[in-house]
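Chain by chain, the residues run as shown.
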Amino acid sequence: MIDTSKGIDWLVEILRRDQSPDGSWTYPFETGLSTDAYMIILLRTLEINDEELIKGLARRILSRQEKNGAWKLFFDEHVGNLTATVECYYALLYSGYYEKMDKRLQAAKKFILSKGGIEEVRMFTKVMLSLTGQVNWPRFSPLPIEIILLPLNFPINFYSFSVYGRANLTPIMILADKKFTLKTGRNPDLSDLFVRRSHPDTWIRSNEMRSLFSFIEDGVKNLLGVPERLHKLAIERAKKYMLDHIEADGTLYSYYSSTFLMVFALLSLGYRKTDPIITAAIAGIKSMRCEINRLPHMQYTTANVWNTSLIGYALQEAGISAEDKMVLSANHYLLARQHDKFGDWVIHNPNSLPGGWGFSDINTILPDVDDTTASLRSISRMTAPNQDAWNRGINWLLSMQNDDGGWAAFEKNTDTKLVEFLPIKKAEFLLTDPSCADITGRTLEFFGNFTNVPKDHETIKKGIKWLVDHQEVDGSWYGRWGICYIYGTWGAVTGLAAVGVASCDSSIQNAVKWLRDIQNADGGWGESCYSDRIGKYTPLKTSTLTHTAWALDSLISVSDQPTPEIRNGISYLLRNLQSEDWTTAYPKGQGMAGAFYIHYHSYRYIFPLLALAHYRGKFET
């Protein structure tokens, strides 16, 4: 007979040990090596000689190099990743501690040239290489900066893009317009990484793209004013957008990439390196440093609110009282971080008041639906809940439902298809914020299990319809923010079950069959990051704790008794809870398919605890 108590107790004690004094959990938000490489490049370009940090980051980068000289984004990436390898190679050279003749760098160069050279890296890397003088800016800006002046009723405008897209594109548009370059005496020369000596303009790739640019240009021409004045106004508005969205720690939206780009954009506008805004931005980026295996890592952002809301909820599901000091401290932390400021979300949702939660510790203007439902779950059992906080959170969630019936992450109805014609790889991930199964499912789960919103409420019915309409043919759902189909299916199944969709419903039965079919022989589940790169479920061929927990939680939510698949999965979890290998460090989240993967260090504790707690609550009592 299965006994989950020992496993649950072990997980609870781990979480109790790891809680910070302020009530939060600061488990790392690890996003590969890109931020580490960019930090070296940023410090050297600004001639900030923080040698201890630069040496530590360089050691971390070298520790992750493959035998063939390449760097990977995830364990099973076949031979390596070109963009990651270029970034790491450049950072190691610029650090000043490694020379081109170093055998490890020679191997990296050989890999880069074999994969098409520096010309084939992704857009963000091209921007970084351009502003540090390694490649030429395109002959024209990929997006004319005047787009920031287009009215909201124009078919494509600045607020057609997702907030994440705006945060990064705003400084990029300034930099591309200025064709800004900043070199130092220590700049490496990467010209030997080009495969082609003539560099054609690779930004325009199709007639459709040319048509889109003509369309945008026509809209700009219809603006009233002298072109030169409009251009100057656009630059000023872009600058103001950045300055208006700086958080208290000096970062732009608390994101590494947008802050990195903002620093260079401000320099291109005449700011000095010693300007307080720039020094605060550098300090803000540095404050996101963490340590992993005794080496520094620059986090893309902090995940304190996300970690704390999920852990607070999981602990209470496992039977820890809301009045326990650990949970109470976590919930007070969360209540202090509910938003009371308007953010960009109000552009598409003008009839709601603030009330959501953001992702990072210092986030005050960028709430998201997922963090809001997670935070509300955690505070829901407080003996004396803050009714105002609860009501504001619920009202904000309801107001954020998209017109199509689903929920997105940050904004409402921000899913224009025109971005598909832009010269930006994976533009749909960078520039749009569509309804997705993971967030829609989790939002329905919250409404169904934690509120008295009626099951026949129009909001619920529209959410159910969206999920049913977007189920894959094989029975799974694609998860936008996790890896990937197992994650989406977990969100959808638990959400549908919570709002009264019967277990015998064909959508749930098809999902259950799919989960059973992909279970591994050891009882667990595992999914490769290739799933989101190719848009099709791809098995990892090895089980992971987190994927297993998601699959189990899905099956438990729609099963009346513990099936063999559930028992085998629970046994896998209990056998492997304390394991430490590449599967526990494998990314379980993503921000941009094929380019940006996330290893949440908290997930290996949170989701097994939830699955074990739900199993015990349903089948052991």
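Just so you know, these numbers come straight off a predicted model, no measurement behind them. (Residues numbered from 1 in each chain as written. Predicted model: local features only at pLDDT ≥ 70, side-chain atom pairs only at ≥ 80, totals over all residues. Heavy atoms only, no water.)

I'm lost on the packing of helix α19 (residues 485-498) against helix α20 (residues 506-517) in this one. Help?
Each packed pair of helices is defined by two parameters, the angle between the axes and the distance between the axes. Running from N to C, α19 and α20 cross one another at 145°; their axes reach a closest spacing of 11 Å. Of the two elements, α19 crosses α20, and the hand of that crossing is left-handed. Residues Tyr485, Ile486, Thr489, Val493, Leu496 and Ala497 of α19 pack against Ser507, Ile508, Ala511, Trp514 and Leu515 of α20. (Axes fitted to C-alpha atoms, helices over the stretch in contact; angles between N-to-C directions. Helix = DSSP H or I, 4+ residues; strand = E, 2+ residues; numbered from the N terminus. Left-handed = near helix turned anticlockwise from the far one by under 90°. Contact = heavy atoms within 4.5 Å.)

In this structure, what is going on with empty space enclosed by the protein? I would like to understand it.
Evaluated as defined, the whole model comprises 5 cavities of 30 Å³ or more. Lining the largest cavity we find 30 residues, and of these Tyr255, Phe359, Phe410, Trp481 and Tyr600 sit closest to its centre. Only α14 (369-379), β6 (589-592) and β7 (596-600) provide two or more residues apiece to the lining of the largest cavity. Among the elements that take part in the lining of the largest cavity, β7 stands out by supplying 3 residues, more than any other. Of the residues assigned to the lining of the largest cavity, the class counts are 17 nonpolar, 8 polar and 5 charged. (1 Å grid on protein atoms, 1.4 Å probe; cavity = no way out; pocket = protein on both sides within 12 Å on 5 of 7 lines; lining within 4 Å. Points joined across faces, edges and corners; volume = space filled by probe spheres on them. Nonpolar A, V, L, I, M, F, W, Y, C, P; charged D, E, K, R; others polar.)

Just checking my understanding: could you explain the pattern of salt bridges for this structure?
Side chains bearing opposite charge may pair, as long as their charged atoms lie close to each other. On inspection of all chains with the given rule, the structure shows 26 salt bridges. With a shortest N-O distance of 2.7 Å, Asp18 and Arg17 are connected by a salt bridge. As a salt-bridge pair, Arg533 and Glu77 come within 2.9 Å of each other at their nearest N and O atoms. Of this pair, Arg533 sits in helix α21 (residues 530-534) while Glu77 is found in the loop between α3 (51-63) and α4 (82-95), placing the two residues 456 residues apart along the sequence. Judged by its relative accessible area of 27%, Arg533 is partly exposed. Using a relative accessible area of 2% as the deciding quantity, one classes Glu77 as buried. Bridged by salt links that share partners, the residues Glu30, Asp36, Arg60 and Arg64 form one connected network. (Salt bridge = Lys/Arg side-chain N within 4 Å of Asp/Glu carboxyl O. Buried < 20%, exposed > 50% of the residue type's maximum accessible area, 1.4 Å probe, protein only.)

Where do I start with the packing of aromatic side chains in this structure?
Aromatic ring pairs are described here by two measures, namely the spacing of the ring centres and the angle between the planes. If you walk through the whole model with that rule in mind, you get 41 aromatic pairs. Ring centres of Tyr313 and Phe450 lie 5.9 Å apart, and the angle between their planes is 70°; this geometry places the pair in the edge-to-face category. Here Tyr313 is found in helix α12 (residues 304-317), whereas its partner Phe450 is found in helix α17 (residues 437-450), with 137 residues between them in sequence. Comparing Tyr313 with Phe450, the two get one shared label, buried. (Phe/Tyr/Trp six-rings, centres within 6.5 Å; stacked < 30°, edge-to-face > 60°.)

Help me out: how do you make sense of the sheet that holds strand β1 (residues 29-30) in this one?
The 3 strands lie next to each other as β1-β7-β6, forming an open sheet whose pairing is antiparallel. What marks the edges here is a single partner per strand, and that holds for β1 and β6. Strand direction decides the pairing type here: β1 and β7, joined by 2 bridges, are antiparallel. Note that in β7 the partner of Glu30 across the bridge is His599. (Pairing = 2+ DSSP bridges.)

Would you mind showing me how to read the packing of α14 against helix α15 (residues 387-399) here?
Put simply, α14 and α15 touch, their axes get as near as 10 Å, and they point 150° apart. Taken as a pair, α14 and α15 cross one another with a handedness that is left-handed. Contacts between α14 and α15 involve Val369, Thr372, Thr373, Leu376 and Ile379 from the first element and Ala389, Trp390, Gly393, Ile394, Trp396 and Leu397 from the second. Looking at side-chain class alone, the contact of α14 with α15 contains 8 nonpolar, 3 polar and no charged residues.

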